[in-house]
Amino acid sequence: MRDPRSRAHVLGLRDLFFYDLATRRVAYTRGYRQTQTNLAATIGLGRTLSRGLLDLMSWKLWEDDRNRGLDQSAVRQLFSRFPSLDSVALAVLGRDAGVIAVDLKSADLTHGGTNIWSFNAILDSVRTSGRLSNFTLEDPYDILAEFMPYLEALPARILSDKGAIV
């Protein structure tokens, strides 16, 4: 019997780290508090869709004229076209699987950077909306130590002088 994950048309992470470049603070969330579907549980960062699904959507995932709330807009668009899509969607808790996704926040740096949500706005959103699980502030060095075994297990890569992986 085939592993059902081998036919996933949507694959995504439930959890996410946020890193504020200006203050070097790190926050971690286990994702959305209440989700009844795998598709809705995936955080936009790192959500992948199959080419077949994108083709069926004409590569249009968001409602027109939207520059915020893209994650949930995409979920609404997908479910409106494919109500049973969740049967081929997989949401993974990255931290348990050795996968780390980091949203870099740079708005407070003098050399620029634009964020839809600042680091502090993300932290405040837990109190105001309650949609995301509580954040834990973590030490960046502890996170690096936690994921180092996964990094060391990767095959050796040699970078060319232009920075390309060869």
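Note that the coordinates shown come from a computational prediction; the quantities given were computed from them, not determined experimentally. For every chain, the first residue of its written sequence is number 1, and the numbers climb from 1 along that sequence. Since the coordinates come from a predicted model, pLDDT governs what is reported: local features require at least 70, and pairs of side-chain atoms require 80 or more to be given and counted, while whole-chain, interface and lining totals use all residues. Heavy atoms throughout the structure, all of them, feed into the side-chain values; hydrogens and water do not.

Some remarks on the overall build of the protein
Stage number 1. The secondary structure listing takes helices from DSSP runs of H or I that are at least 4 residues long and strands from runs of E that are at least 2 residues long, numbered from the N terminus. Counting its regular elements, the protein contains six helices and seven strands.
Stage number 2. Shown N-terminal to C-terminal, the secondary structure of the protein runs as helices and strands in the order β-β-β-α-β-α-α-β-α-β-α-β-α.
Stage number 3. Throughout this description, buried means an accessible area under 20% of the type-specific maximum (1.4 Å probe, protein chains only), exposed means over 50%, and partly exposed covers the range between. Residue burial in the protein is summarised as follows: out of 166 residues, 34% are buried.
Stage number 4. Should any heavy atoms of two residues lie within 4.5 Å, those residues are counted as being in contact. Across the protein, the fraction of contacts at a sequence separation of at least 24, relative to all contacts at a separation of at least 6, is 69%.
Stage number 5. On the protein, roughly 10900 Å² of surface is accessible, and the fraction owed to carbon and sulfur atoms is 54%. Values of accessible area rely on a 1.4 Å probe in the Shrake-Rupley scheme; residue burial ignores everything except the protein chains shown.

Concerning the pattern of salt bridges
Two side chains of opposite charge can pair, provided their charged atoms sit close to one another.
Stage number 1. By convention in these notes, a salt bridge is any Lys or Arg side-chain nitrogen within 4 Å of a carboxyl oxygen on Asp or Glu. Inspection of the entire model under this criterion finds seven salt bridges.
Stage number 2. Close ionic contact of Asp-55 with Arg-51 constitutes a salt bridge, the shortest N to O distance being 3.6 Å. Of this pair, Asp-55 and Arg-51 both sit in helix 2 (residues 51–56), four residues apart, which is roughly one turn of the helix.
Stage number 3. Since its relative accessible area comes to 61%, Arg-51 is described here as exposed.
Stage number 4. A network of salt bridges, in which partner residues are shared, links Glu-63, Arg-66 and Arg-76.

Quick look at the confidence of the model for the protein
Stage number 1. Each residue carries a pLDDT score, the predictor's own confidence in it, on a scale running from 0 to 100. Mean pLDDT over the protein stands at 79; residues scoring 70 or higher make up 81%.
Stage number 2. For the protein, helix 6 (residues 140–153) is the element with the lowest average pLDDT, namely 72, and helix 2 is the one with the highest, namely 93.
Stage number 3. In this model residues 155–162 is a low-confidence stretch, pLDDT under 50, and it forms seven contacts with partners more than four residues away in sequence or in other chains.

Some remarks on the sheet that holds strand 3 (residues 25–29)
Stage number 1. When DSSP finds two or more bridges between two strands, those strands count as paired. Here we have four strands laid out as an open sheet, ordered 6-2-3-7, and mixed in their pairing. Where the open sheet ends on each side, the last strands, each with one partner, are strand 6 (102–105) and strand 7 (136–138). Direction aside, the axes of adjacent strands within the sheet are offset by 25 degrees on average.
Stage number 2. Pairing between strand 2 (residues 16–20) and strand 6: four bridges, direction parallel. Bridged to Phe-17 within strand 6 is Val-102. Axis lines are fitted to C-alpha atoms, over the contacting stretch for helices. Their N-to-C directions set the angle, which ranges from 0 to 180 degrees.

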